[in-house]
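# Summary of the model geometry
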Amino acid sequence: MKLLYAEDETAMADAVTDILSFHQYTVDWVDNGQDALEYAMNETYDGIILDIMMPRMDGLTVLTKLRGAGNRTPVLLLTAKAEVSDRIEGLDLGADDYLPKPFVMEELLARIRAMLRRRDSFMPAVLEAGDLRLDPGDATLHCGGKQVILQNREFRLMEALMKNPGVCQSADQLIVNAWGYDAEADANSVRVYLSGLRRHLETLGSTVEIRSRRNIGYTLTFPEGCA
């Protein structure tokens, strides 16, 4: 398994790299966010370990740029920040897991193994509904010859709608699908993201619509005979 490890503390990086190498991981180490982004965009990795506080570009910016470019490589965030808000921000941006510093090496190894198992066991299927096609591999939404890259929450909401075409889903149901049970999101958050998805559908020239029913929920609808 090949990992990209971005950490600017040399002593920490040496220790982690030695442990990972001992456990048969191939590791590319970089000491700043700009290099992390360039390596991640130009090499193929099984997983990425990102420290949040780094010179030249912080880990959250690296993560945002990777996900925005359609890179779905699993990402584990490392940070000295332990506040819940920081964890939520990282996960909302598309991180797969989060480990606060200081940590014990056994837990880091366990988190990496779990992250890679999820990647290996999850074989996402391309979803189709009406004239739309949603590819989980690179988080792209297609219509005809056009495509757009969806951000993490946009993707999760579109996935929930396309898995249940014609079914009215409440804001609470969509929050669970896109943010999880413990999320602090509300109906306003859903409206904001769905507004963005509607703009994407318009840009793609899709005939599919996201319709809302006041105080009831949202439905993915199609022209007659196209569902």
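Please refer to the structure placed before this passage.
Described below are features of the structure shown in this document. (Residues numbered from 1 in each chain as written. Predicted model: local features only at pLDDT ≥ 70, side-chain atom pairs only at ≥ 80, totals over all residues. Heavy atoms only, no water.)

## What about the pattern of salt bridges?
Across all of its chains, the model carries 12 salt bridges by this definition. Across the pair Lys101 and Asp51 runs a salt bridge, and its minimum N-O distance is 3.3 Å. A residue pair is termed long-range when its members are at least 10 positions apart, and Lys101 in the loop between β5 (97-100) and α5 (105-121) and Asp51 in strand β3 (residues 47-51) qualify at 50 residues. With a relative accessible area of 3%, Asp51 lands in the buried category. Across the pair Arg111 and Asp97 runs a salt bridge, and its minimum N-O distance is 3.0 Å. Placement of the pair is Arg111 in helix α5 and Asp97 in strand β5, with a sequence separation of 14 residues. For Arg111, a relative accessible area of 22% gives the class partly exposed. Relative accessible area serves as the criterion here: at 15%, Asp97 is assigned to the buried category. In the salt-bridge network here, residues are joined through shared partners; they are Glu7, Glu9, Asp51 and Lys101. (Salt bridge = Lys/Arg side-chain N within 4 Å of Asp/Glu carboxyl O. Helix = DSSP H or I, 4+ residues; strand = E, 2+ residues; numbered from the N terminus. Buried < 20%, exposed > 50% of the residue type's maximum accessible area, 1.4 Å probe, protein only.)

## Concerning helix α3 (residues 59-68)
Along an α-helix, residues three or four apart share an orientation, since each turn contains 3.6 residues. For α3, every residue scored as buried is listed here: Gly59, Leu60, Val62, Leu63, Leu66 and Arg67. Along the long axis of α3, the arc covered by the buried residues comes to 155°, so they all point the same way. The backbone nitrogen of Leu60 lies 3.0 Å from a side-chain oxygen of the residue at the head of α3, namely Asp58. (Arc of directions from axis to C-beta. Polar contact = N/O pair within 3.5 Å; in protein donor to acceptor, adjacent residues only side chain to side chain.)

## Let's talk about the pairing of strand β11 (residues 217-221)
The buried fraction of β11 amounts to 5 of the 5 residues, a majority that puts the element mostly inside the structure. Taking every second residue as pointing to the same face, both faces of β11 are buried, with Gly217, Thr219 and Thr221 on one and Tyr218 and Leu220 on the other. Two elements, strand β10 (residues 209-213) and β11, share 5 bridges in a ladder whose sense is antiparallel. Across the sheet, Arg211 pairs through a bridge with Thr219, a residue of β11. Here β10 hands over to β11 after 3 residues, with Asn215 in that stretch at a positive phi of 65°. (Pairing = 2+ DSSP bridges.)

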